[in-house]
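Breakdown of the fold
The lines below spell out each chain.
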Amino acid sequence: MPAADRRSPAAHPRGRGPYSLAARIFVAQLALVALVVSVVSAAGYLNARAQAHDFAAKRVLSVAETLSHDPFVIDGVQLPDPSVALQPFAAQILEHAQVDFVTIMDTDRTRYTHPTPSEIGRKYVGSVERALAGDSQVEDYPGTLGPSVRAIAT
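I will try to describe carefully the structure that is included in this document. The structure presented is a predicted model; accordingly, all values stated were derived computationally and were not measured. (Residues numbered from 1 in each chain as written. Predicted model: local features only at pLDDT ≥ 70, side-chain atom pairs only at ≥ 80, totals over all residues. Heavy atoms only, no water.)

1. A few points about the nonpolar core
Ranked by internal contacts, the top residues of the largest apolar core, which has 13 residues, are Leu67, Ile93 and Val102. Setting aside residues up to four positions removed in sequence, valine 102 forms contacts with Leu67, Ala90, Ile93, Leu94, Thr113, His114 and Pro115. (Core = buried A, V, L, I, M, F, W, Y, C linked by side-chain atoms within 4.5 Å. Buried < 20%, exposed > 50% of the residue type's maximum accessible area, 1.4 Å probe, protein only. Contact = heavy atoms within 4.5 Å.)

2. A word on the pattern of salt bridges
Close approach of charged atoms allows side chains of opposite charge to pair. Per the counting criterion, the structure on display carries five salt bridges. Here arginine 122 makes a salt bridge to glutamate 119, at a shortest N to O gap of 3.5 Å. For arginine 122, a relative accessible area of 48% translates into the label partly exposed. The residue glutamate 139 makes a salt bridge to arginine 150 at a minimum N-O spacing of 4.0 Å. In this pair, glutamate 139 sits in strand β1 (residues 137-143) while arginine 150 sits in strand β2 (residues 146-152), placing the two residues eleven residues apart along the sequence. Among the residues examined, glutamate 139 registers a relative accessible area of 12% and is labelled buried. Each of Arg111, Glu119 and Arg122 takes part in one network of salt bridges that share partners. (Salt bridge = Lys/Arg side-chain N within 4 Å of Asp/Glu carboxyl O. Helix = DSSP H or I, 4+ residues; strand = E, 2+ residues; numbered from the N terminus.)

3. Brief notes about the pairing of β1
Bridging between β1 and β2 involves seven bridges; their strand directions are antiparallel. Pairing of glutamate 139 across the sheet is with arginine 150, part of β2. Linking β1 to β2, which pair antiparallel, is a turn of two residues. (Pairing = 2+ DSSP bridges.)

4. Overview of unusual backbone geometry
Even without a glycine there, the phi angle at glutamine 98 is positive, about 55°. Mapping glutamine 98 onto the fold places it in the loop between α4 (82-97) and α5 (129-132). Residue class for glutamine 98 comes out exposed when judged on its relative accessible area of 59%. Within the chain, arginine 109 stands out as a residue other than glycine whose phi angle is a positive 80°.

5. Observations concerning the layout of surface pockets
Each pocket or cavity is described by its volume, and for the largest pocket that value is around 920 Å³. Ala64, Thr103, Ala151, Ile152 and Ala153 are the residues nearest the centre of the largest pocket, which is lined by 36 residues in total. Those elements giving two or more residues to the lining of the largest pocket turn out to be α2 (21-68), α3 (71-76), α5 and β2. Top element by residues in the lining of the largest pocket is α2. It accounts for eight residues. Grouping the constituent residues of the lining of the largest pocket by class yields 24 nonpolar, eight polar and four charged. (1 Å grid on protein atoms, 1.4 Å probe; cavity = no way out; pocket = protein on both sides within 12 Å on 5 of 7 lines; lining within 4 Å. Points joined across faces, edges and corners; volume = space filled by probe spheres on them. Nonpolar A, V, L, I, M, F, W, Y, C, P; charged D, E, K, R; others polar.)

6. Observations concerning α4
Here α4 contains 16 residues, and its C-alpha end-to-end distance of 21 Å stays within 8% of the 22 Å for a straight helix at 1.5 Å per residue. Listing the buried residues of α4 in full gives Pro82, Ser83, Leu86, Phe89, Ala90, Ile93 and Ala97. Down the axis of α4, the buried side of the element spans an arc of 140°, and every buried residue falls inside it. The exposed set on the far side of α4, more than 90 degrees from its buried face, consists of Val84 and Glu95. Of the residues one or two after α4, glutamine 98 is the one with positive phi, at around 55°. (Expected span 1.5 Å × (residues − 1). Arc of directions from axis to C-beta.)

Printed below as a string of structure tokens:
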């Protein structure tokens, strides 16, 4: 048979192409495995991200509630210049509590501590309504330090 005849559609009955049924099944199985691995990886990533967020929320809530009941903080906010005593205290908390920032504020939202000193004395940006009503709260908020998981406790 001449070489031109070997490549003609007649060489492949019903125009199925040069790949065998086994090769086509293998490619389909490979695509299915890739799809399953992708879906499982995405689900695992989303689950890990949610768990990390929950862990961070629990940690900051614990720190906020502890500080809100600390006698030093309670006495400190009543001083004529609360920042003098509380700002160094907040810096020590940062070293040990594994949080990115600690802001101690008054019920009128006035900040007594902040990692950015120019923010001290300015108003806290975020919600405090639940905390002022007596319930600690956790929120995700894009504040002056960027997006963060925050806890507010009274």
